[in-house]
Amino acid sequence: MNPRSIDDDPTVRARNVCRARACPHLTRTAASILALVGCLSADLWAAAPRALPEGQIPRDARLEPLKDLDGYYPFEPTDSKEGWTRRAERVRRQIQVSLGLWPWPERTPLNAVVRDPLDQGDYTIEKVDFESLPGFKVTGSLYRPKGKPGKRPGVLSPHGHWSDGRFHDAGSDAVRKEIADGAERFEEGGRSPLQSRSVQLARMGCVVFHYDMIGYADSVQISQSLAHGFAKQRPEMNARENWGLFSPQAEARLQSVMGLQTWNSIRALDFLLSLPDVDPERVGVTGASGGGTQTFILCALDSRPAAAFPAVMVSTAMQGGCTCENACLLRVETGNVEFAALFAPKPLGLTSANDWTREMATKGFPELRRHYTLLGAADRVALHRGEQFGHNYNYVSRAAMYALAWRNRSSSVTIAGSLARNSACGMTRIPPRREDRISSASCYALGPKTRGGNWTAR
Ligand SMILES: [Zn+2]
């Protein structure tokens, strides 16, 4: 018999695990006696009491086939509100623990700096940095409408894995093709689709914070190649007192780039809500792809957002292909659709494209709709289908977001308004300004005794 087939037999593996755990302290004499008894009467073993019937293995994920990010992650709604309350608490706790955020780290002073306003006529852009942890900077651009007094809706805008992040420039050739395909309408807006949605939302009256993923644009303390493309262990980053992300020391403490990036999102929300012109009751979050992951994870854990629009990311298929979208324990017996479901009954908008979300209309969204219906909010979840396009947050999807996500029917509050103006006229792209980048230490280490958290961020 092929020895591997024995190893692969889950019943045999489970039995061997039980035996191994039961015997470590047996003396040699006792072991000999057992061996003798075993030889004399094999039937004694056969008659040994079993926890489960013959052929049935314990319900334990470790005994099931390995599942990676390309597995199948269905969502099965509960059949009662009470059942969902219990389930939601468990899944939220699982996310929080998995990301190294349980218990919550201390909210240390943000020491936020907002500077160098750029007047764009009907809106302004300011540079922002603040500390999500002592000495660790989060950077981004703050868009504010002009001529709209009073408290304004706030929007948090994570960007996803487009090159150069919030400074992404698709290039003139690519955008012309997109315009020809109906994916974009205007060349300036289409070349910079990430800035474009911030501009449009500001023109609609929102205060928008467009913040960097770790390692993108002005976020330079942890490199993009490390945070989003870790490929090689760093022995020098695995010392007893200090260590870096992706080391065994970090993994043993559930420290991950996804956890740090999620904490940055929570602190970005703290920053946005600290602004005097932002209405804390009208805050939304939207991003696509990896920014979609940031959106639904933030909205699963934090009760403050009133609307969410994670684009091209929620599905039962691929769950996130980057190191910043995965963490130990995160998706054990759950997945992205259920993470999005944690936002119910608040307004949730989704998009699909010709990518891993292409089957969302038949796998995932019907269950989400049933879930929202159970909670009495069937009309507050929407899927804008766009399988004719590749992976995107293009004009068509952005228009769906403007029109759907920010209309909070439950409180009769229009978070942003209607699509009164197009999203690109007069827009000026903001190129990278490297001389303005944050010039803090290139290597930032906290170690195990850091106040306010358990992070080592380098
Ligand atoms: Zn990433």
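Structure: see above.
Here the structure is a predicted model, which is why all the values come from computation and not from measurement. (Residues numbered from 1 in each chain as written. Predicted model: local features only at pLDDT ≥ 70, side-chain atom pairs only at ≥ 80, totals over all residues.)

1. Some thoughts on the overall build of the protein
Definition in use: By the criteria applied, helices consist of DSSP H or I runs no shorter than four residues and strands consist of E runs no shorter than two, each listed in order from the N terminus. Contact between residues is assigned whenever the C-beta positions, reconstructed from backbone atoms, fall within 7 Å.
When helices and strands are tallied, the protein shows 15 helices and 11 strands. In the protein, the proportion of contacts linking residues at least 24 apart, taken out of those at least 6 apart, comes to 71%.

2. Quick word on helix H5 (residues 81-98)
The condition is simple: Helices are assigned an expected span. That span is 1.5 Å times one less than the residue count.
Taking 1.5 Å as the rise per residue, H5 with 18 residues should run 26 Å; its terminal C-alpha atoms sit 25 Å apart, in good agreement. Directly after H5, the chain includes Gly100, whose backbone phi takes a positive value near 70°.

3. Let's talk about the pairing of strand E2 (residues 123-133)
Where we set the bar: Partly exposed residues are those whose C-beta has more than 12 but fewer than 20 other C-beta atoms within 10 Å; 20 or more makes a residue buried and 12 or fewer makes it exposed, with C-beta atoms placed from the backbone. Strands were regarded as paired on the criterion that DSSP finds at least two bridges between them.
With 8 of 11 residues buried, E2 lies mostly within the body of the structure. Taken together, the 5 bridges between strand E1 (residues 113-119) and E2 define a ladder with antiparallel strand orientation. Residue pairing for E2: Asp119 is matched across the bridge by Thr124. Hairpin connection between E1 and E2: a loop of 3 residues separates the two successive antiparallel strands, and Gly121 in this loop has a positive phi of roughly 95°. The pairing of E2 with strand E3 (residues 136-145) spans 10 bridges and is classified as antiparallel. Within E3, the position partnered with Phe130 by the bridge is Val138.

4. With respect to the packing of H5 against helix H12 (residues 290-301)
Rules: Helix axes use the C-alpha atoms of the stretch in contact, all axes being lines fitted to C-alpha atoms, and the angles between their N-to-C directions lie in the range 0 to 180 degrees. Handedness of a crossing follows from how the near helix is turned relative to the far one, being left-handed for an anticlockwise turn of less than a right angle and right-handed for a clockwise one. The residue classification treats Ala, Val, Leu, Ile, Met, Phe, Trp, Tyr, Cys and Pro as nonpolar and Asp, Glu, Lys and Arg as charged. All others, Gly included, are polar.
Axis separation between H5 and H12 bottoms out at 10 Å; the angle between their running directions is 120°. Crossing angle aside, the handedness with which H5 passes H12 is left-handed. In this structure, H5 uses Arg92, Ile95 and Gln96 to contact H12, whose residues at the interface are Ile297, Ala300 and Leu301. Among the residues making up the contact of H5 with H12, the classes are represented as 4 nonpolar, 1 polar and 1 charged.

5. Brief notes about the environment of Tyr395
Among the structural elements, Tyr395 can be located in helix H15 (residues 395-405). Under the C-beta neighbour-count criterion, Tyr395 is labelled buried, with 24 such atoms within 10 Å. Along the chain, Tyr395 and Pro193 lie 202 residues apart, while their C-alpha atoms are 7.7 Å from each other.

6. Things to note about unusual backbone geometry
Cis peptide bonds are those with omega within 30 degrees of zero, and the linkage from Trp102 to Pro103 qualifies with -5°. Structurally, Pro103 is set in the loop between H5 and E1. Phi is positive for Asp164, which is not a glycine, with a value near 65°. Mapped onto the secondary structure, Asp164 falls in the loop between strand E4 (152-158) and helix H6 (172-181).

7. Describing the pairing of E3
Working note: regular strand, side chains alternate between the two faces of the sheet. A large share of E3 lies buried, amounting to 10 of its 10 residues. Because side chains alternate across E3, one face comprises the buried residues Phe136, Val138, Gly140, Leu142 and Arg144, and the other comprises Lys137, Thr139, Ser141, Tyr143 and Pro145, equally buried. Connecting the antiparallel pair E2 and E3 is a turn made up of 2 residues, with Gly135 showing a positive phi of about 90°. Bridging between E3 and strand E5 (residues 207-211) involves 4 bridges; their strand directions are antiparallel. Residue pairing for E5: Leu142 is matched across the bridge by Phe209.

8. Some details on the nonpolar core
Heads up, the condition is: A set of buried Ala, Val, Leu, Ile, Met, Phe, Trp, Tyr and Cys residues, joined through C-beta atoms within 7 Å, is what we mean by a nonpolar core.
Phe209, Ala300 and Ala340 are the most contacted members of the largest nonpolar core, which has 86 residues in total. A total of 8 residues in this core trace back to one element, the largest contributor, which is helix H11 (residues 257-274). Not counting residues up to four positions away in its chain, the partners in contact with Phe209 are Val128, Gly140, Leu142, Leu156, Ser157, Ala268, Phe271 and Leu272.

9. Remarks on helix H8 (residues 193-203)
The element H8 is extensively covered by neighbouring structure, given that 11 of its 11 residues are classed as buried. Within the span of H8, buried status applies to Pro193, Leu194, Gln195, Ser196, Arg197, Ser198, Val199, Gln200, Leu201, Ala202 and Arg203.

10. Description of the packing of H11 against H12
Filter applied, for reference: Roughly parallel means an angle under 35 degrees; roughly antiparallel means over 145; roughly perpendicular covers 65 to 115; every other angle is labelled oblique.
Axis separation between H11 and H12 bottoms out at 10 Å; the angle between their running directions is 65°. One way to sum up the angle between H11 and H12 is to call them roughly perpendicular. Here the hand of the crossing between H11 and H12 comes out right-handed. On H12, the residues that touch Gln261, Thr262, Ser265 and Ile266 of H11 are Gln294, Ile297 and Leu298. Taken together, the residues of the contact of H11 with H12 sort by class into 3 nonpolar, 4 polar and no charged.

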